[in-house]
Amino acid sequence: MDFTFTEEQLAAAEAARGVFAGVAPDAVPSPALTAGAVAEGFDRELWSRLSAADLVGLLLDEEYGGAGLDSIALCLVLRESAKVLARVPLLEHSAAVAAVQAYGGKELKERLLAQAGRGEPVLTVAAHGRTGHDPAGLSVTARRDGSAWVLDGVQTAVPWGYDADFVLVPAHTGAGRTVLALVARDQEGLVLAEQVSTSGERLAELRLQNTRIAAGDVMEAEGAWEWLPGLLATGICALALGLGERVLKMTAEYTGKREQFGYPIATFQAVAVQAADRYIDLRAMEATLWQAAWRIASGSPGALPAAGDVAVAKIWAAEGVRRVVQTAQHLHGGFGADTDYPLHRYHAWAKHLELALGPAAAYEETLGDLLAAHPLS
């Protein structure tokens, strides 16, 4: 394998750095000082700039006005977005439109994708199940009713659920398979309940009550849902990497200036060793991220299914991003908890990403099951 990025992938990352250059991570009220959500919606102005830079339709083919790039390019852009805590639905929107492109019917693709590639309408994905601990593909039921489908069930913690125009919802059928339904936010039978993440962002509990969806808005192709969580998880790993890199840089800058006994504390062995350990975490997060993104983008076979590489990336991202922000808080001392300093925001976002990824132990079990089913020779 070759992890050298292509010119097109590097150009996407460079464009993202330009768009995110002026974004302030403290542009909304601090989650530590806000009882509810820090803002009602995402950063629409930034979303428009991303659209103008052709970064909203990265995964779409050129026939729909997209860039025709892959999950590696998306992860490069997400990595940059996390460094400034960009409040945009780039991951969810990109994953949803990619699913429609890969598995949707011709009429749905022609009706939706060209506009979605320009950022309007906005799409998101319901992927956390009923409680956040149960399989998302089993939390909503789907049954045929004439020419339509009827959905019933609950999905929790839907990102940007109050702002997106459509939500991509997995639902299981009586035949034991999972379909993907594109549900409009104003669809009759859809009820939203407000939730707030640890980062202070507004989430939505999605309640579907006898909700009728036209057959053309339901993707029944084999593997549609099974493919999507891997892309979402890899994108979250990219966010965790970008956030961790920015936090370690903040820590290096602070410890290089903060003096005790006439010397910068960065020169103390105890400080340097902790920072070095977190650097190792980030490099492991990076290597496993690109391995997972490459498997998804290329479809190349391996000793294990791509889910194994995604599981390894999730293990490192969930544990690594937590260790990075905890060490940063420790090395900043009381300054790290100052709400006038942005580090506490990164800590809150890191906790949200860790929860979104799920416990590392669960993916260690997944990896063990895969190894048992596919013994390495």
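Residues numbered from 1 in each chain as written. Predicted model: local features only at pLDDT ≥ 70, side-chain atom pairs only at ≥ 80, totals over all residues. Heavy atoms only, no water.

A.B. asks: Got a minute to help me understand the environment of P25 in this structure?
C.D. replies: Of note, P25 is situated in the loop between helix 1 (7–20) and helix 2 (44–52). The sequence separation of P25 and E63 amounts to 38 residues, and the corresponding C-alpha distance is 35 Å. In contact with P25, other than residues within four places in its own chain, are V84, L85, P342, R345 and Y346. (Helix = DSSP H or I, 4+ residues; strand = E, 2+ residues; numbered from the N terminus. Contact = heavy atoms within 4.5 Å.)

A.B. asks: What exactly am I supposed to notice about the pattern of salt bridges here?
C.D. replies: When the charged atoms of two side chains lie near each other, side chains of opposite charge can form a pair. The final tally for this structure, using the stated rule, is 24 salt bridges. In this structure, R79 engages E286 in a salt bridge whose closest nitrogen and oxygen atoms are separated by 3.2 Å. With R79 in helix 3 (residues 71–83) and E286 in helix 7 (residues 269–298), this pair connects stretches of sequence that are 207 residues apart. Like E286, R79 is buried. Here E220 ties to R177 by a salt bridge, and the two come within 3.3 Å at their closest N and O atoms. In this pair, E220 sits in the loop between strand 8 (218–219) and helix 6 (224–257) while R177 sits in the loop between strand 4 (166–172) and strand 5 (178–184), placing the two residues 43 residues apart along the sequence. (Salt bridge = Lys/Arg side-chain N within 4 Å of Asp/Glu carboxyl O. Buried < 20%, exposed > 50% of the residue type's maximum accessible area, 1.4 Å probe, protein only.)

A.B. asks: Before we go on, may I ask you to explain helix 5 (residues 106–116) in this structure?
C.D. replies: Helical geometry: 3.6 residues make up each α-helical turn, so side chains three or four residues apart lie on a common side. By the burial criterion, the buried members of helix 5 are L108, K109, L112, L113 and A116. Viewed end-on, helix 5 has its buried residues packed into an arc of 105 degrees, placing them on one side of the element. Along helix 5, the residues that are exposed and aim more than 90 degrees away from the buried face are K106 and E110. Structurally, helix 5 contributes buried residues whose contacts are with helix 4 (90–103), strand 1 (123–125), strand 4, strand 5 and strand 8. (Arc of directions from axis to C-beta.)

A.B. asks: How should helix 7 be read in this particular structure?
C.D. replies: Relative to the 44 Å expected for 30 residues at 1.5 Å per residue, helix 7 spans 43 Å between its end C-alpha atoms, a close match to the ideal helical length. After helix 7 finishes, the residue G299 shows a positive phi value of roughly 70 degrees. (Expected span 1.5 Å × (residues − 1).)

A.B. asks: Please clarify how the pairing of strand 6 (residues 190–196) should be interpreted in this entry.
C.D. replies: Within a regular beta strand, the side chains point alternately toward one face of the sheet and then the other, so they alternate between its two faces. Bridge analysis of strand 6 against strand 7 (residues 202–214) gives seven bridges, and the strand direction is antiparallel. From the neighbouring strand, L190 faces strand 7, where its bridge partner is L208. Taking the residues that link successive antiparallel strands as the turn, the strand 6-strand 7 hairpin has five residues, and the phi of G200 there is positive, at about 90 degrees. (Pairing = 2+ DSSP bridges.)

A.B. asks: I'm lost on the packing of helix 6 against helix 9 (residues 343–357) in this one. Help?
C.D. replies: Any two packed helices are characterised by the angle at which their axes cross and by the distance between the axes. Contact pair helix 6 / helix 9: the axes reach a minimum separation of 10 Å and the direction vectors enclose 155 degrees. Relative to helix 9, the element helix 6 lies roughly antiparallel. Two packed elements cross with a definite hand, and for helix 6 against helix 9 that hand is left-handed. Residue-level inspection shows A233, I236, C237, L239, A240, L243, R246, V247 and M250 of helix 6 in contact with helix 9, the latter providing L343, Y346, W349, A350, L353, A356 and L357. Looking at side-chain class alone, the contact of helix 6 with helix 9 contains 15 nonpolar, no polar and one charged residues. (Axes fitted to C-alpha atoms, helices over the stretch in contact; angles between N-to-C directions. Parallel < 35°, antiparallel > 145°, perpendicular 65-115°, else oblique. Left-handed = near helix turned anticlockwise from the far one by under 90°. Nonpolar A, V, L, I, M, F, W, Y, C, P; charged D, E, K, R; others polar.)

A.B. asks: What exactly am I supposed to notice about the nonpolar core here?
C.D. replies: A general feature of soluble globular proteins is that nonpolar side chains tend to end up buried together. Residues F20, L50, L168, L228 and L243 are the most contacted members of the largest nonpolar core, which totals 86 residues. The leading source of residues in this core is helix 6, at 16 residues. With sequence-adjacent residues up to four places away left out, L168 is seen in contact with A96, A99, T124, V125, A126, L180, A181, L182, M219 and L228. Core analysis: the second largest hydrophobic core is formed by 17 residues, V140, W149, L190 and L206 among them. (Core = buried A, V, L, I, M, F, W, Y, C linked by side-chain atoms within 4.5 Å.)

A.B. asks: Where do I start with the side chain of Q9 in this structure?
C.D. replies: Here Q9 is to be found in helix 1. A polar side-chain atom of Q9 sits 3.2 Å from a polar atom in the side chain of D70. Residues contacting Q9, with those up to four places away along its chain left out, are D70, I72, A73 and L76. (Polar contact = N/O pair within 3.5 Å; in protein donor to acceptor, adjacent residues only side chain to side chain.)

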